[in-house]
Structures are given as structure tokens and as C-alpha cells.
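Residues per chain, in single letters:
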Amino acid sequence: MLAVAFGLLMVVSSSSVVSAAETDAITLQASESLSTAGYFNLSWDKSAQNHDFVLQQASSRGFDSPVEWRLGKTASFSMSGLENGTYYYRVGYWPKPQAWSNVVQVQVQHHSLGKAFAIFSLGALIFLVLVVVILINRKQANRGF
Amino acid sequence: MDSSFLSPNVAFLLLFVFSVLWLFLGWWLGRSNKTLDDYMLAGRKVGFALATATAMATWVTSNTTMAAPQLAYQLGVWGMIGYSLGAIGLLLFAPLAARIKTLLPHGYTSGDFIRLRYGVWAWRTFLLISLVYAFGWLISLGMAGGVVVNALSGVDYQIGMTVILAVCVGYTLMGGLRAVIATDFIQSLIIIVGVLVLAWITITQIGFDEIHVTLEQERPALLNLLFPAAIMFLFNNLLFGVGEIFHSNVWWSRAFAFKEGVGGKAYFVAGLMWLPIPVVAGFVALAAPALGISVPAADMVGPLVAGKLLGGVGAILVFIVVFSALASSLDSLLAATSDLITEDIYKGHFNKNATEQQTQKASKMIIVGLGVTAWLLCLPKISTLASLLYFMGAFVASAIWPIVFGIYFRRANGMTAALSMLLGTAIGLWSYFAIGFYVAALVSCAVSLVVMLVGIGLMDAKFNFEQIAQSKTGQSQ
């Protein structure tokens, strides 16, 4: 049971590779192609000894006006806090990559607010019942068995 | 991790100094243990100050100092506030602790209560849930040790994790619950001071404005008060915390160990003291984008921000705080899980007539076994801290209602309790994968409540609570 439970955790969702790589020097992957909470992990298969990496994010495949981060020598990046939309990523060697990695596409589509508030309300109701049950019975229990 | 804030030599020195300190305290405090009650329950004489400190320090885990920043980084403002709702578990356990001491004055474990109240099948279901949770928590603590050492110094994850697990096993083995509670007192002081210093420096060095502007540009959802996943997460985290505390022998063993009349007050004050800590620890994570920190994995964000802000000094501070938080929880978990396995599995199933010496020896062997098993499961870093942690939510939240109804209502019965735990866990796990980690505990708790209500409605049981108080605990019925 325990082994099965932890084994399930190791299931990793597949990444979405949009276009062929300009070079196969670096292969970029995303932990998920559809994010429902605005966060995911990007990782690549190379570690750099002497160069930092640079990661670009754009809202189009052409990478017009990209947002850029200098990442140091680590081979992964944790992205979070994104609004709904389609995001494209590529990684290269800092400062001016001669070649970029493949392009990865991640779609962020948050859960609906209706679903969120339904679950919130269910949680609030259960909590309220729990507090009431404990407080009412606490007084009775103090009087003995 | 390439840009380390601490040299490996400094990291090893810190590990050595604190390892020696905790091990010495374990040995020193353990000298006065004479009986099984001394070793497992600190003689059942723990006073208010130590009781409050151990409850607070145990609940400030590496998860508070590492996963709270992760949740702020992933779920934003609601992430850190939601995490702080874990305090509700301590607050609500306060009245339960007083009732537990009345119902079971000579009890050793939470399993004792479930067995006497609900019978064998609910007891076995409960033990399964408790052990899955205990191992999950142990693994998350071991992982956190490895992650923090690696994030700050570049020392291999496996080395940091191994040293921290070995030290905690060592001093818990030597000192029993007495050492666990006393070291918790020192560790809680270190944690509170360290976290406050870190938050104050974050605010003074960067300022709210810069943090806010950067988040608005780069991570707008983190500031969004209508962030759907975060809204779902709020009560999920609250119920997860309640489930962890209500079912776990970590908290029950303390209720048994505290002096008469102390448990209720100690848990209530500890809850109030714990409440702001995740907010403070989580807040620093929101500074990561403003500081231009690239975060390789979300559970590394807390140490990385501290290291970036304060360089070597900040890294040392975080190192000490996290090591203290880890130790204060790991020792408690090892001691309480060992008690549970010793009493409920070794004595309850395999050696019902074990002598006190045999039981104490078994307890020590189980602590070592738990440490080794946790170490083996920690070796492959299978998940991030928060994902692993909330996987456990589906298990523990299913035990809330069987425990609450079992403690207060005569009509709750064993078959219903077992079914509510099984169905709650199963459907909670389904929701973990189908929806997300942020709903597993909530769904599990809701299913469990429905099953309990239906079961109570259909079966007309009338339990006599006096039969628990009159029973001789520690022996199978």
C-alpha cells in the first residue's frame, strides 16, 4: 500500500515540445503542458561549468518582446504566478546564445472561480460543523463521561 | 546548485556543532529515565511551559520553514495565509487533549483509543493511515534537511539528509520523550528569533513597494486575491492540519505526557504562538522575483532568498533555524511513531505479554528501524516538499470525524469509522490526482463526514465511555 502510494507520486506529466530544436545542444522540458494553478517547472538536460543560462518567456512562438532571466548554472527553473494564457520558453547560454534550445509551450488555464468557491464553501461548512461539534460537546464532556 | 552562500566546510562545521549539541542533550536528559513511562511519556509530568514549547516547536517543522515559502511562491498571498491556518489544528485539539486525558488516563498511544473505542478493524485501518502519514512526514523532514543543506552550501542532498536523520535518531534513542521535549524548548526559541530576524531584514532591505511592483509585473497571480487554486487551498490546508494533529500519536502522546489540566491550555497557547510563523516565513519567498533569484525548485525558495539577502550570515541563520525546526519535529515523530508501533503492532499483535524491558528494547530498535527506512525512502528525491506533504492530506483528513465522533458521541461505531477512513482516503487520493494537491484533504474529510453521519443514522450503537477509562491499556482486548 505504502509502496503503491509513493509510486503514484513519481508519475510525472509529459512536456509539450512545440517546434524542432534549432540545435540539439540543450533539450528543454516543462513539468506539465497545461497548468491549472499558474506554476510549473522547467528543466533542461545540460549543466554548465563555465557559463550561466538565460531563459526567455514570450507569448508568441516568434519570441517578440520576450521576458528574460539570467539563471546561473542550474538546470531547472520554477515558474509561478502566471495568469491565463499560452507561454513559450527557450533556454540558451548567457549572454548571447549562439543557439537556443527547443521551444516549449505551456498553457495556463486556471480553475474556474465557480469551482474554486464551491470547494471553498464546502471547506467552510465542514470547518463550521467541526467547531460547533467540538465546542458544544466540550461543555458536556467537562461534566464527566 | 552552483552559487552557494556557504562553503561546504562551514556547512559541515555547523552540522557538526549542532549534531554534538543535540546528541549531548539527548544523552544528558536521558540519564534519569528509569521506567517505560519515563522513556515513552516523560513520566507523565510535563508542565505548562515545556508543554507549550514542545507543541509549538513540533508544529514548526521544516515544512513550516520550507514549504510555507514554497506555497507563497506558488499560490501567493493566500498560500502563506492558508498555511498559517494550520494553527487551527492545535487550537481545536486543546479541548480534545483534556477529554483524552480524562477518557484514557493511562493510555500510551492514539491507537489505544481507537482499539478500545472502535475495535480491531477500525484500529488496523487507523494504524495503516497513521503509518503512511508518519513515513510521509519523516520523508518530508529528511528531504527538507537535504534540500536546505544543498541550497545553501552545495553539499550533496544525500549527505545533508543522512547527517540530519542520523543525529535525530541518535538523540531520540538516548533520551526518549524527555529529551525530545526539552530540546524542543531550546529549538522553539531559536526558530522564533531566527524567523523574526529574517523577515525584518527582508522588509528593511527590499521594502514592500519593490516586492509588490515586481510581482505585479512578473507574477501577477501571486497578488490575486481571487486566485482559484489558492482559494481551494485555504480550507484544505486547515483540514489537513486538523487531520494531522487529531490523528497523530505525536500529539496524543503529548496529551498523555502532560500533567493533569495542562494539555488544553498548552495546545491553545501553542496554536496562537504558531499562527504568525508561516506568514513570516512565507513572506520572504515573495521577495524572490524582486531579488532576481532564479529558483530551481519551489521548495528551495526560502533558503535562497535568505542567502541572497544576507549572504553567509543569512545562510547560517537559515541553516540553524531549519536544522532546529527539523530536529524538533523529527525527534517527536520518531518517538511517537516508535511508541505507536511498539504498543499497537509489537505488543498489540506479536508479543502481548512483553515485559517492560522487552518493550523498551523493542521501542529503541523501532526508532533505529524508522530512521533507516526513512533514509532509504529519502534517497531518491521523489517530489517537492509541498506535493509530498499534501499527498498525506487525503489519509489524515479521513480520520478527523471518526476521532471527534468517537471522543464525544456514544452512537459512533467501529464499522462506520473504518469505512469512513477507507472511503475518505480513497476518494481524497482520487481528487489529489484529478484536481490537485490543494483539495485532497478537504475531499477526504467531506467523504468521511458523510459516511460517519450515514453510519450513525443507520446503526443504533450505545458505547459506554467508562469502559475505556477502566480498561488496562497497552494490551489487546
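Reference entry: report on the structure contained in this document. Remember, it's a predicted structure, so these values are computed and weren't measured experimentally. (Residues numbered from 1 in each chain as written. Chains lettered and ligands numbered in written order. Predicted model: local features only at pLDDT ≥ 70, side-chain atom pairs only at ≥ 80, totals over all residues. Heavy atoms only, no water.)

Concerning the sheet that holds strand β2 (residues 28-30) of chain A
Residue and element names in this part refer to chain A.
Argument step 1. With respect to topology, three strands assemble into an open sheet ordered β2-β4-β7, the strand pairing being antiparallel. Both edges of this open sheet fall to β2 and β7 (76-79), since each of them pairs with a single strand only. The sheet shows a mean angle of 15° between the axes of neighbouring strands, taken without regard to direction. (Pairing = 2+ DSSP bridges. Helix = DSSP H or I, 4+ residues; strand = E, 2+ residues; numbered from the N terminus. Axes fitted to C-alpha atoms, helices over the stretch in contact; angles between N-to-C directions.)

Overview of the pattern of salt bridges
Argument step 1. Summed over the entire model, instances satisfying the criterion amount to five salt bridges over all chains.
Argument step 2. With its nearest N and O atoms 3.1 Å apart, the salt bridge here joins Arg115 of chain B to Asp112 of chain B. A residue pair is termed a helical-turn pair when its members lie 3 or 4 positions apart in one helix, as Arg115 of chain B and Asp112 of chain B do in helix α7 (residues 110-118) at three residues.
Argument step 3. Look at the salt bridges and you will find they share partners, linking Asp52, Arg70 and Lys73 of chain A into a network. (Salt bridge = Lys/Arg side-chain N within 4 Å of Asp/Glu carboxyl O.)

Let's talk about the interface of chain B and chain A
Argument step 1. Listed by partner, the interface residues are 65 residues for chain B and 49 residues for chain A.
Argument step 2. Buried surface at the junction of chain B and chain A, summed over both partners, amounts to about 5,000 Å²; 77% is from carbon and sulfur atoms.
Argument step 3. Our enumeration of links across chain B and chain A arrives at zero salt bridges.
Argument step 4. Per-element accounting of the side of chain B that touches chain A gives the leading share, 10 residues, to helix α11 (residues 228-247) of chain B.
Argument step 5. Taken together, the residues that form the side of chain B that touches chain A break down as 52 nonpolar, seven polar and six charged. (Contact = heavy atoms within 4.5 Å. Buried area = accessible area lost by both parts, 1.4 Å probe. Nonpolar A, V, L, I, M, F, W, Y, C, P; charged D, E, K, R; others polar.)

Here's the deal with the packing of aromatic side chains
Residues and elements named next belong to chain B.
Argument step 1. The tally for this structure, following the rule as stated, stands at 31 aromatic pairs over all chains.
Argument step 2. Relative to Phe433, the ring of Phe391 lies with its centre 6.2 Å away and its plane at 70°, an arrangement referred to as edge-to-face. In this pair, Phe391 is assigned in helix α17 (residues 385-391) and Phe433 in helix α20 (residues 414-434), connecting sequence segments 42 residues apart.
Argument step 3. Residue Phe391 is classed as buried on the basis of its relative accessible area of 0%.
Argument step 4. The ring of Phe465 carries Arg99 above its face, with NZ or CZ at 5.0 Å from the centroid.
Argument step 5. A cation over a ring is seen here: Arg117 above Phe463, with NZ or CZ 4.2 Å from the ring centre. (Phe/Tyr/Trp six-rings, centres within 6.5 Å; stacked < 30°, edge-to-face > 60°. Buried < 20%, exposed > 50% of the residue type's maximum accessible area, 1.4 Å probe, protein only. Lys NZ or Arg CZ within 6 Å of the ring centre and 35° of its normal.)

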